[in-house]
Every structure is written in C-alpha cells, then in structure tokens.
Amino acid sequence: MSKFLKKCYSSLEAYVPGEQPRDGEYVKLNTNESPFPPSPSVINAVNSGEVMNLRLYSDPTAKDLKNSIASLYGVGSENVYVANGSDDILNFSFMAFSGDKGEAVFPEISYGFYKVFSELYGIKSEQIPLKEDFSIDYKDYLNKNKFIVIANPNAPTGLTLSLSEIEEILKTNKDNVVLIDEAYVDFGGESAVTLVPKYDNLLVCMTFSKSRCLAGARLGFAIGNSEIIKDLELIKYSTNPYNINRLTLVAGKAAIDDNVYYVDRCKSIMENREYTINELKKLGFFVTDSKANFVFAQCDWIDGETLYKKLKERKILIRHFSTEKIKNFNRITIGTLNQMETFIENVKNIKEEMI
C-alpha cells in the first residue's frame, strides 16, 4: 500500500470474493450465483432504446422499481430502499446505525463483509459463536442494545432462525436497528418483511443476485420503517445519488414484475439441493439443513482444502474457507441438475482414489 493511505486503513483485512475464472471451462459452484439466465422479460427490457438513454442520468429516486417492490411485498414505497447491490445497504447500515459508541453484534461465522465493515468504520464488534450444530442461538442476541446484524438463512451454513425468534430479538432491542440479511431467503426461508409494520427497528435486506439471476447487475433493496429508509436515503444522497444505472433499474423492475419465473427457478434449485444433500450423505458427508442456494458439507475421508483442490483440478469450483472452525467444510453452490450430477460423479471418483 502507498504512503498516502490513512493509517487507520492500513490494517484492514479486505473481503475476498470467490474466484471468477474467465475461460468458461469450469463448473462454477463457488459464488452462489444462479445457474439460470434472467427472465425473457428482463432481456427484453434491456433493449437498444434503453441503451441509447444511457446518455441520461438514471432516476435517483428509483420510483418505478420501488413501486414494483412495494407492490410485491405488500408495503408502501416509502418503506423501500434500493441500492447498488445489498452490500451497499450493509455498508451504509454499519455506517449509520452502529450508534454513537460504534457497536455491532453479529455471528462469528457469517457473511465476511460484516467484519470488514466493522473494521472500516472503527466499530467495536461482538462476534458471537455459533452453537455446536452451527445454528444461531437467538437468545445470544437478546437485550444487546447494539446494532444487530443476522443473515437468515446464515452463510455459509444455510441455517435459519424462525420469525418468532427474530421477533424476540426485535422486542428486546427496541432502541437499536436489527438488520436481517435475507440474501438467500427465497430458497426456503421465511421473510421477516411481515414484521416490518410491527417493529420500527427492523431493516430487512435483500438482493437480486441470487434468486433473481442478476448478480452482474448489482442491485439490492431493503424494506423497513419509513424513518430508517429516510436515514439510508440521507447517506445515499450524501455520497452518490445516481448509484444505480438505467439498465439495472429497468432490469430490476422487469424481474420483480415477472415473479412467477423466479419462483419456478427457485423451486428447481431447491429440488437440486435435496438431490445434492442426499447424494453427499451417501458418500459419507455431514451436510447442514440448508435453506439457501448452497450446501455446507464436510466428511472424514478428505479434508475441505484437499477436496477443493482436487475438484478444481477437474474444472469444478467450490468455496473453501480457511477459518479454523470451518476449515474442513466446503460451501457448494447449487446449480442445474446436470451440474450437480457432474459434481457428485467427480466426488465419487475422488473418494475411490482416496480410499
């Protein structure tokens, strides 16, 4: 790093994205992208006329997209915030809602950006260990009186909290924002959006990257009390009002309006997930009861890093984490049935070589 960087940033440990090979030869099961293309209506919406309009700034209010999201989720448009990916929402939330003392609470094993944002803003974070079965104990988050962030389903475990458990966390932290990160909720979880009218401290964060097949578009949204949404808008208009480009706005609206297409794609992924879980168990793997578009698995006959490397040699990418408590686990994105059959067949071949 250069001599010009502020010293407070010199020790930052940046988030490490999953590998993104460009040769197109890999079965890519490492970054939780959708294996399916956007719906035909999205492709039609991003047309030559819209491309011609790129000479004009995008709508900073994202009015049309907000209205579509509000209609789908049964809330008012004033309860919706849209951003350049859900990571931007997380970024602004850590910046805005960690309190004057700069305090946050989140699981020790969860989405890696929570730690990064805490360090970036000098926030004192309490990182709570998961239970032995890798689930979150909601009782650990009661009466914390700090900014709370919980991914539900959690990543990389895929496990969920119930709405009643989330509600207990909200009730006992009334003076602090509780952010529920629902990046993977469409694959079998239960959304906390229904609790928004009851709790003014709830912010639900979602993304178009997973279930809506638009990871490359960079689009996310949050639903919460109108005052919290105004807070996020304040930060947005103080940094980058035109934070979503015109093509992404029209693609996002078309994706929301074509919800049936995406519900069907999610059903396919959930079916493929169950196939993968069953086949991995036959091969001696322990697999968590994931409600996301990935599975989290480990076995005794091969360690996580070795399995990752051997699959990569076979042009199959999965995600391995070096964190001590989960170093023998791998996270495997659920793709098409053909992709998952290819993955399972290669794991079988590796087992035959190892044993």
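Anyway, here's the lowdown on the structure attached to this text. (Residues numbered from 1 in each chain as written. Predicted model: local features only at pLDDT ≥ 70, side-chain atom pairs only at ≥ 80, totals over all residues. Heavy atoms only, no water.)

Moving on, we come to the sheet that holds strand E13 (residues 330-333). Pairing within the open sheet is antiparallel, and its 4 strands lie in the order E9-E10-E13-E12. Each edge of the open sheet is held by one strand with a lone partner, namely strand E9 (285-287) and strand E12 (319-320). The pairing of strand E10 (residues 294-299) with E13 spans 4 bridges and is antiparallel. Within the sheet, the bridge partner assigned to Phe-296 lies in E13 and is Arg-331. Strand contacts of helix H9 (residues 259-282): E9 and E10, with the helix running at about 0 degrees to E10, the strand carrying the most contacts. (Pairing = 2+ DSSP bridges. Helix = DSSP H or I, 4+ residues; strand = E, 2+ residues; numbered from the N terminus. Contact = heavy atoms within 4.5 Å. Axes fitted to C-alpha atoms, helices over the stretch in contact; angles between N-to-C directions.)

Before going further, it helps to examine the pattern of salt bridges. For the structure on display, the rule yields 18 salt bridges. Of the charged contacts in the structure, one is a salt bridge between Lys-171 and Glu-168, with a shortest N-O distance of 3.6 Å. Of this pair, Lys-171 and Glu-168 both sit in helix H6 (residues 163-171), 3 residues apart, which is roughly one turn of that helix. Under the relative-accessibility criterion, Lys-171 is labelled partly exposed at 40%. The exposure class of Glu-168 is partly exposed, given its relative accessible area of 30%. By sharing partners, the salt bridges in this structure join Glu-126, Lys-144 and Lys-146 into a single network. (Salt bridge = Lys/Arg side-chain N within 4 Å of Asp/Glu carboxyl O. Buried < 20%, exposed > 50% of the residue type's maximum accessible area, 1.4 Å probe, protein only.)

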